[in-house]
Amino acid sequence: MDHAATPPRWIRWSVFLMIALGGLALRLPQLGVRPMHTDEAVNAYIVGQLLSGEAFSYDPQDRHGPALAAIALPLSRIRGARTFSDLTEADLRLSSVLAGTVTILLFGAAVNMYGFGPCLIAAMLVSCSPLPVYYDRYFIHESLFVAATFGLILSGWRTCKGNSIMPAALAGACAALMITCKETAILHFFALAAALVFWFWNSRETRLRDFLRPKSMLVAAVTFLALSLVLLTWFGKNWRAPATLTHLIPDLIARAGGEGHQKPFWYYGQLLNAGWSGGILLALACIGLVITIAKRDRSPFGFLAFYTLLLCITYSLIPYKTPWLTLNLWLPLSLFTARAVELFCCMAAKRLGNRASIPILCVMGALAFALIAHDTWQRVFAHPTDENNPYAYAHTSEDLLGLPAEISDLARQNGIASPRIAVIASDPWPLPWYLRRFSQVGFWQPGQQPGEADFYITSTDVSEQCADRLQSYRPEFFGMRPGVLILLWSPVMK
Amino acid sequence: MRRIPFKKCSGLAALIVVCAALAQDKVPLKTQLPRPLFVGTPVPLNVPNLEPPIKGKRPDFLVPAGTINLAKNKKVMASDDNPVTGTLDLVTDGDKAGDEGSWVELGPGKQWVQIDLAKSANIYAVLLWHFHSQARVYRDVVAQISDDPTFKSGATTIFNNDFKNELGLGAGKDLNYVETYQGKLIDAKGAKGRYLRLYSNGNTTNKLNDYIEVEVWGKPA
């Protein structure tokens, strides 16, 4: 790849730092306003356990790995949290915001692979487009996972290209971060390895053994194993965790079946196409991808094209789909969008000349920016939990935010200093998060007999079992998620 | 003392109601129900202070013969001049389907819609559909009838489940209910008035206030 147009190192990094700071500034406002999604609440609870001194207990079936908690824990401590009840939405989501910012900054390190122009455009897209901004403000594993994936691609490439062991160690660390983030790392490892094989087969001139140096491979493997072990055993405190990894593949296969999250093959395409800007960005990405494949491109774009295709097909074929997984596709697609934009700019300059093409391209760029800005505003800030927002998936209703305040008010009115709250529901999440500041809260499954309490919170299907107990209580509905209601039973005012 | 079985007792009560209705020339209220859009959230049964869900079709509600829907295509006003979604005429257009485009959505918080029946009437029932494509409960639902379009005087409250008096219209004693395709039937008990005003204060999914359709069953006074 010709990098003649690449500016000096300090200018390049200054530019990417500015874009990353812009992305950070866009991700920080109103970070604590959106209600906690169930998955965020579960992750928050884990951080709460760690704050109280417990070790991370790895369970690949119900939870993801410890990497997110390992980053959120020190950040929360720096922000002054000492217990679960001290945590705030903003404290926790800061981890994902920082991971998203690192992803933007990594485009600065990708210039040697993909060129300055495409990396610049892709970094700008990731910094302000609705989908990455939206999910970088979610306390889930995806942003960190994507940053680690990008890190693995960049450091892995450098490992193959040079003799230094530093990139190899970085590649091992990134891969460890991926596997300790989410079990889906296996899919990515497979896609990366297969893309590498395809790319070598396509290149013909380069031999695989020239790329895979034993010393680098060893350093990467040792780093990967060491960091994975440190995180999975939670710094040596829980040695049972690595053994649970033996269930990883069967669990992954079972989960891939859907588990209530089945979606059609084209689900991710629909999400990428959403909004005023989605269609344009997706079309450009497809153009960039098709051109790369059609040209039998031997540059790193060729490798990225195989990886992107494999990833898109794999994710689309798996019935289990959640919208935040789209972030994994967004990263490589942003580079292909950028590549298509660069190609159009070159074509316009060639055919129309600079004097004519520059104003036209500026107008088109401004128009695209306006469309992206509109979508980001609508999705991220104006209607983050709206059912019409395609990124808001089974989201906690804003109505639930009123539940703790209502209990506090009613407790005060009834002269109850420390209310005893009994929750009876088969799936109480995210209630543990919203009730974290009450000291006496118990959770029961339907069929179990709860203890005496001042307030009862029940799912609508279990209230009948407590009918006798609830005779003298006043019910009030709260929306947990769209279409899912719970009941707060409070003592009738004295 | 010998106890009368509950089934016999309720059968007797039903017979008395029917006989009384026949004596007053009453007929069951007949309205066209929309297609159900969700199977319904299970709500508690046999809990005395919560409205039980309707199992199957709602029992017949008797109204005097000649009672008609006076609200059809009548003029609608609202506290929100610029609805978030839809237009106010959707409230009385006769379309009770829960699909998108069938409802008007008023802004967040306390809002009302008002139907002008054109003439004063004796109102026997109000049927109200807020939203029925998912399980929702609308907060602080109050229905009033009056001959005064400002509702400053002569307002008769026919339904009020605002038990915390959030709207300032007085604390209500009626129960919360989950929206379904069958709508909420309010017994207006023949209250007289030209205007019907319906209040609400957001719902369990969001802070907005939706209306698919309102029917006002009565006879011109």
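How each quantity is defined
- Residues numbered from 1 in each chain as written.
- Chains lettered and ligands numbered in written order.
- Predicted model: local features only at pLDDT ≥ 70, side-chain atom pairs only at ≥ 80, totals over all residues.
- Heavy atoms only, no water.
- Helix = DSSP H or I, 4+ residues; strand = E, 2+ residues; numbered from the N terminus.
- Buried < 20%, exposed > 50% of the residue type's maximum accessible area, 1.4 Å probe, protein only.
- Contact = heavy atoms within 4.5 Å.
- Areas by Shrake-Rupley, 256 points an atom, 1.4 Å probe, with all protein chains shown as cover.
- Rg over C-alpha atoms; globule rule 2.2 N^0.38 Å.
- Lys, Arg positive; Asp, Glu negative; His and termini not counted.
- Charge placed at Lys NZ, Arg CZ, Asp CG, Glu CD.
- Salt bridge = Lys/Arg side-chain N within 4 Å of Asp/Glu carboxyl O.
- Polar contact = N/O pair within 3.5 Å; in protein donor to acceptor, adjacent residues only side chain to side chain.
- Phe/Tyr/Trp six-rings, centres within 6.5 Å; stacked < 30°, edge-to-face > 60°.
- Pairing = 2+ DSSP bridges.
- Axes fitted to C-alpha atoms, helices over the stretch in contact; angles between N-to-C directions.
- 1 Å grid on protein atoms, 1.4 Å probe; cavity = no way out; pocket = protein on both sides within 12 Å on 5 of 7 lines; lining within 4 Å.
- Points joined across faces, edges and corners; volume = space filled by probe spheres on them.
- Patch = residues over 30% accessible without salt bridge, like charges linked within 9 Å, V, L, I, M, F, W, Y side chains within 5 Å.
- Core = buried A, V, L, I, M, F, W, Y, C linked by side-chain atoms within 4.5 Å.
- Parallel < 35°, antiparallel > 145°, perpendicular 65-115°, else oblique.
- Nonpolar A, V, L, I, M, F, W, Y, C, P; charged D, E, K, R; others polar.
- Expected span 1.5 Å × (residues − 1).
- pLDDT = per-residue confidence, 0-100.
- Left-handed = near helix turned anticlockwise from the far one by under 90°.

## Points about the overall build of chain B
Summing up its helical and strand segments, chain B has one helix and eleven strands in all. Counting across all 221 residues of chain B, residues that qualify as buried make up 48%. Across chain B, the fraction of contacts at a sequence separation of at least 24, relative to all contacts at a separation of at least 6, is 77%. For chain B, the accessible surface area stands at approximately 11000 Å², while carbon and sulfur atoms represent 56% of it.

## Structural notes on the overall build of chain A
Check the secondary structure of chain A and you find 21 helices and five strands. Its C-alpha atoms give chain A a radius of gyration of 25 Å, within 12% of the compact-globule value 23 Å for 494 residues. Within chain A, the proportion of its 494 residues that are buried is 54%. A fraction of 76% describes how many contacts in chain A between residues 6 or more apart in sequence connect residues 24 or more apart. Charge-centre separation for chain A: the mean point of 39 positive side chains lies 14 Å from the mean point of 32 negative side chains.

## Quick notes on the pattern of salt bridges
What the rule picks out here adds up to 20 salt bridges over all chains. Among the ionic pairs, A:Glu398 bridges to B:Lys207, the shortest N-O distance being 3.6 Å. Here A:Glu398, found in the loop between helix 19 (354–382) and helix 20 (402–413), pairs with B:Lys207, found in the loop between strand 9 (184–201) and strand 10 (209–211), and the two come from separate chains. Of the charged contacts, one joins B:Arg139 and A:Asp399 as a salt bridge, the two residues approaching to 2.4 Å between their closest N and O atoms. Residue B:Arg139 is located in the loop between strand 6 (110–129) and strand 7 (142–146), and its partner A:Asp399 is located in the loop between helix 19 and helix 20; the two belong to separate chains.

## Observations regarding the side chain of A:His141
Residue and element names in this part refer to chain A. On the secondary structure map, His141 appears in the loop between helix 7 (130–135) and helix 8 (142–161). For His141, the side chain forms a polar contact with the main-chain oxygen of Gly65, separated by 3.4 Å. Here His141 is in contact with Asn43, His64, Gly65, Leu68, Cys181 and Lys182, once residues within four sequence places are set aside.

## Side note on the packing of aromatic side chains
Inspection of the entire model under this criterion finds 28 aromatic pairs over all chains. Ring centres of A:Tyr134 and A:Tyr135 lie 5.0 Å apart, and the angle between their planes is 85°; on these two criteria the pair is classed as edge-to-face. Taking relative accessible area as the criterion, A:Tyr134 reaches 1% and is therefore assigned buried. Classification of A:Tyr135 as buried rests on a relative accessible area of 0%. Judged by centre distance (6.1 Å) and plane angle (75°), the rings of B:Phe159 and B:Tyr177 are edge-to-face. With B:Phe159 in strand 8 (residues 156–160) and B:Tyr177 in the loop between strand 8 and strand 9, the pair connects residues that are 18 residues apart, well separated along the chain. Exposure remark for B:Tyr177: the relative accessible area of 4% places this residue in the buried category.

## Side note on the sheet that holds strand 1 (residues 420–424) of chain A
Residue and element names in this part refer to chain A. With mixed pairing, five strands are arranged side by side in an open sheet as 2-1-3-5-4. With one partner strand each, in any of the chains shown, strand 2 (440–444) and strand 4 (473–481) form the two edges of the open sheet. Neighbouring strand axes in the sheet, compared pairwise and without regard to direction, differ in orientation by 20° on average. Of the strand pairs in this sheet, strand 1 and strand 3 (residues 455–459) are connected by four bridges, and their pairing is parallel. The residue bridging Val423 from the neighbouring strand is Ile457, located in strand 3. On top of the sheet, helix 20 reaches strand 1, strand 3, strand 4 and strand 5 (484–491); it is set at about 10° to strand 5, its chief contact.

## Here we look at empty space enclosed by the protein
All names here are of chain A. One pass over the full model with this rule turns up three cavities of 30 Å³ or more. The volume enclosed by the largest cavity comes to roughly 160 Å³. Residue lining of the largest cavity: 17 residues in total, with Leu272, Gly278, Leu281, Leu282 and Trp330 positioned closest to the centre. At the level of secondary structure, the elements contributing two or more residues to the lining of the largest cavity comprise helix 7, helix 15 (267–272), helix 16 (275–294) and helix 18 (326–352). It is helix 16 that contributes the most residues to the lining of the largest cavity, five residues altogether. In this model, the second largest cavity occupies a volume close to 80 Å³. Every residue lining the second largest cavity is listed: Gly100, Thr103, Val126, Pro132, Asp136, Ser143, Val146, Leu327, Trp330 and Leu331. Among the secondary structure elements, those contributing two or more residues to the lining of the second largest cavity are helix 4 (89–109), helix 8 and helix 18.

## Overview of a nonpolar patch on the surface
Residue and element names in this part refer to chain A. Together, Phe265, Trp266, Ile293, Leu309, Ile313 and Leu317 give the surface a local cluster of nonpolar side chains, amounting to about 600 Å² of exposed area. Element by element, the count of residues in the nonpolar patch is highest for helix 17 (residues 300–317), at three residues. On the secondary structure map, Leu309 appears in helix 17.

## Considering the environment of A:Gly115
Residue and element names in this part refer to chain A. Mapped onto the fold, Gly115 is located in the loop between helix 5 (111–114) and helix 6 (116–128). Looking at Gly115, the relative accessible area reads 6%, which means it is buried. The sequence separation of Gly115 and Val222 amounts to 107 residues, and the corresponding C-alpha distance is 31 Å.

## Side note on the nonpolar core
A:Phe107, A:Leu403 and A:Ile457 are the most contacted members of the largest nonpolar core, which has 125 residues in total. By residue number, the principal contributor to this core is helix 8 of chain A, which donates ten residues. With near-sequence residues (within four places) excluded, A:Leu403 lies in contact with A:Leu431, A:Leu435, A:Ile457, A:Phe478, A:Ile486 and A:Leu488. Counting 41 residues, the second largest nonpolar core, distinct from the first, contains B:Ala121, B:Val126, B:Leu185 and B:Leu196.

## Digging into the packing of helix 9 (residues 165–179) of chain A against helix 10 (residues 185–203) of chain A
Residue and element names in this part refer to chain A. As a packed pair, helix 9 and helix 10 sit with axes 8 Å apart at the nearest point and diverge in direction by 140°. Of the possible angle classes, the one that applies to helix 9 and helix 10 is oblique. Counting all contacts with helix 9, which are made through Ala175, Met178 and Ile179, the residues of helix 10 involved are Ala185, Ile186, His188 and Phe189. For the contact of helix 9 with helix 10, the per-class residue count stands at six nonpolar, one polar and no charged.

## Some points on helix 17 of chain A
Its 18 residues place the ends of helix 17 of chain A 26 Å apart at the C-alpha level, agreeing with the 26 Å of an ideal helix rising 1.5 Å per residue. Within helix 17 of chain A the residues assigned to the buried category are A:Pro300, A:Phe301, A:Gly302, A:Phe303, A:Leu304, A:Ala305, A:Phe306, A:Tyr307, A:Thr308, A:Leu311, A:Tyr315 and A:Ser316.

## Re the confidence of the model for chain B
Residue and element names in this part refer to chain B. When pLDDT is averaged across chain B, the result is 85; 81% of the residues are at 70 or more. Of the regions scoring below 50 in pLDDT, residues 1–7 engages in one contact with residues more than four places distant in sequence or in other chains. Interface predicted TM-score (ipTM) for the complex: 0.76; the corresponding pTM is 0.87.

## Brief notes about the packing of helix 16 of chain A against helix 17 of chain A
Residues and elements named next belong to chain A. Two numbers describe how helix 16 lies on helix 17: the axes approach to 9 Å, and their chain directions differ by 120°. Relative to helix 17, the crossing made by helix 16 is left-handed. Together, Leu289, Thr292 and Ile293 of helix 16 and Phe301, Gly302, Ala305, Thr308 and Leu309 of helix 17 make up the contact between the two elements.

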